[in-house]
Amino acid sequence: MMAGGWTHASLAAKVDVDPKSVERWVNLGRTPRRETAMRAAETIGEDVFALWPKLRQAHAARAVSPELVALYTQRADLPVSTFIGLFTQARQQIDVLVYAAVFLHEAYPRLNDLLRERAAEGCTVRIAVGDAGSANVQQRGREEAFGHGIASRCRLAIMHYRALVDTPGIELRTHGTTLYNSIYRADDQMLVNSHVWGANAYAAPVWHLRRNDDGGMFDGYAGSFDAVWATATPIQGG
């Protein structure tokens, strides 16, 4: 909406809904009816499922866990706007645990600017990327038949993020742990990219979680992030 110059009122008029409805979509994460969502997405030129992943969700998934918003067969099925949308909505906390995930910067060059903006608004940002020299990163490269490629991507990720070193509210670290899942958290929402032996991350499943109950799936992955973070090494400037 910001990129297209849309306000709550102007989009509401175009889609034929009350401006309060648009405000609830943006500020509260409400999901409109499918027909309305399709009109809104077409109007602002965005993928409707990137804006409202719940519309893609099979009803059976809800019966498995109330925290499961959507399940994707592979990360490649998600537009980058899904990740960026979560970060944009964050008001308190952004956590990223990956080995590299350079696709974020490549597809959205403004990522560092977005993270600075969120931090300036009081959001705590923690980003942990892989230590290119660690045994686990090297092993992952062999398992994916990627050789030294994944280590190179870890170094590239650090190059992308290094400009954020010493930014108030943002902390960057490297880790050498076994990466069972990549985690992208924004407040009470999270994208978890599971990893499959021998496959690249983009070919592995992703589940979108929304925190529902204490001690649930969301808290389990959040605790995993905290455990890795405690072992990680701060990235220094320079």
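Everything discussed here concerns the structure shown above.
Residues numbered from 1 in each chain as written. Predicted model: local features only at pLDDT ≥ 70, side-chain atom pairs only at ≥ 80, totals over all residues. Heavy atoms only, no water.

*Asks:* What is the right way to look at the layout of surface pockets in this model?
*Replies:* Put simply, the largest pocket is a space of about 1,600 Å³. Taken together, 45 residues line the largest pocket, and the ones lying closest to its centre are Val 26, Leu 51, Gly 85, Thr 88 and Gln 89. Those elements giving two or more residues to the lining of the largest pocket turn out to be α1 (8-15), α2 (19-28), α3 (34-44), α4 (48-51), α6 (80-89), α8 (111-120) and β7 (206-210). Top element by residues in the lining of the largest pocket is α6. It accounts for 7 residues. Considering only residue class, the lining of the largest pocket consists of 22 nonpolar, 14 polar and 9 charged. The space that makes up the second largest pocket amounts to roughly 250 Å³. Forming the boundary of the second largest pocket are 19 residues, of which Arg 75, Ala 100, Ala 101, Arg 153 and Ala 201 lie nearest the centre. When residues of the lining of the second largest pocket are traced back to their parent elements, those giving at least two are α10 (149-161) and β5 (181-186). (1 Å grid on protein atoms, 1.4 Å probe; cavity = no way out; pocket = protein on both sides within 12 Å on 5 of 7 lines; lining within 4 Å. Points joined across faces, edges and corners; volume = space filled by probe spheres on them. Helix = DSSP H or I, 4+ residues; strand = E, 2+ residues; numbered from the N terminus. Nonpolar A, V, L, I, M, F, W, Y, C, P; charged D, E, K, R; others polar.)

*Asks:* Could you clarify how one ought to interpret the pattern of salt bridges in this entry?
*Replies:* Charged atoms that come close allow side chains of opposite charge to pair. Applying the stated criterion across every chain, the model contains 8 salt bridges. The partner of Glu 23 in a salt bridge is Lys 20, with the nearest N and O atoms 3.9 Å apart. Remark: Lys 20 and Glu 23 occur in helix α2; sequence separation between them is 3 residues, near one turn of the helix. When the shortest N-O distance is used, the salt bridge between Arg 110 and Glu 117 registers 2.7 Å. Bridged by salt links that share partners, the residues Asp 95, Arg 126 and Asp 226 form one connected network. (Salt bridge = Lys/Arg side-chain N within 4 Å of Asp/Glu carboxyl O.)

*Asks:* Looking at this structure, how should I read the packing of α1 against α2?
*Replies:* To characterise two packed helices, one gives the angle between the axes of the helices and the distance between these axes. Packing of α1 against α2 leaves a shortest axis separation of 8 Å and a crossing angle of 115°. In this structure, α1 meets α2 at a crossing whose hand is right-handed. From α1, His 8, Ala 9, Leu 11 and Ala 12 reach across to α2, where they touch Pro 19, Val 22, Glu 23, Trp 25, Val 26 and Asn 27. Considered class by class, the residues forming the contact of α1 with α2 number 7 nonpolar, 2 polar and 1 charged. (Axes fitted to C-alpha atoms, helices over the stretch in contact; angles between N-to-C directions. Left-handed = near helix turned anticlockwise from the far one by under 90°. Contact = heavy atoms within 4.5 Å.)

*Asks:* Can you walk me through the nonpolar core in this structure?
*Replies:* Nonpolar side chains in soluble globular proteins tend to be buried together. Ranked by size, the top nonpolar core spans 38 residues in total, and within it Phe 87, Leu 115, Tyr 161 and Tyr 184 carry the most contacts. Ranked by the residues each element gives to this core, the list is headed by α6, at 5 residues. Sequence-distant contacts of Phe 87, defined by excluding residues within four places in its chain, comprise Ile 94, Val 96, Leu 111, Leu 114, Arg 118, Tyr 184, Arg 185 and Ala 186. Formed by 21 residues, the second largest nonpolar core is a distinct cluster that contains Ala 128, Ala 151, Leu 179 and Met 190. (Core = buried A, V, L, I, M, F, W, Y, C linked by side-chain atoms within 4.5 Å. Buried < 20%, exposed > 50% of the residue type's maximum accessible area, 1.4 Å probe, protein only.)

*Asks:* Would you mind showing me how to read the sheet that holds strand β8 (residues 233-234) here?
*Replies:* By way of backbone hydrogen bonds, the strands of a sheet pair with one another, either parallel or antiparallel. Overall, mixed pairing links the 8 strands, which are arranged β1-β7-β6-β5-β2-β3-β4-β8 in an open sheet. Each edge of the open sheet carries a strand with a single partner, namely β1 (68-72) and β8. As judged from the 4 bridges shared by strand β2 (residues 93-97) and β5, these two strands associate in the antiparallel manner. The residue bridging Ile 94 from the neighbouring strand is Ala 186, located in β5. Set on the sheet, α8 makes contact with β2, β3 (124-130) and β4 (170-175); between it and β4 the angle comes to about 125°. (Pairing = 2+ DSSP bridges.)

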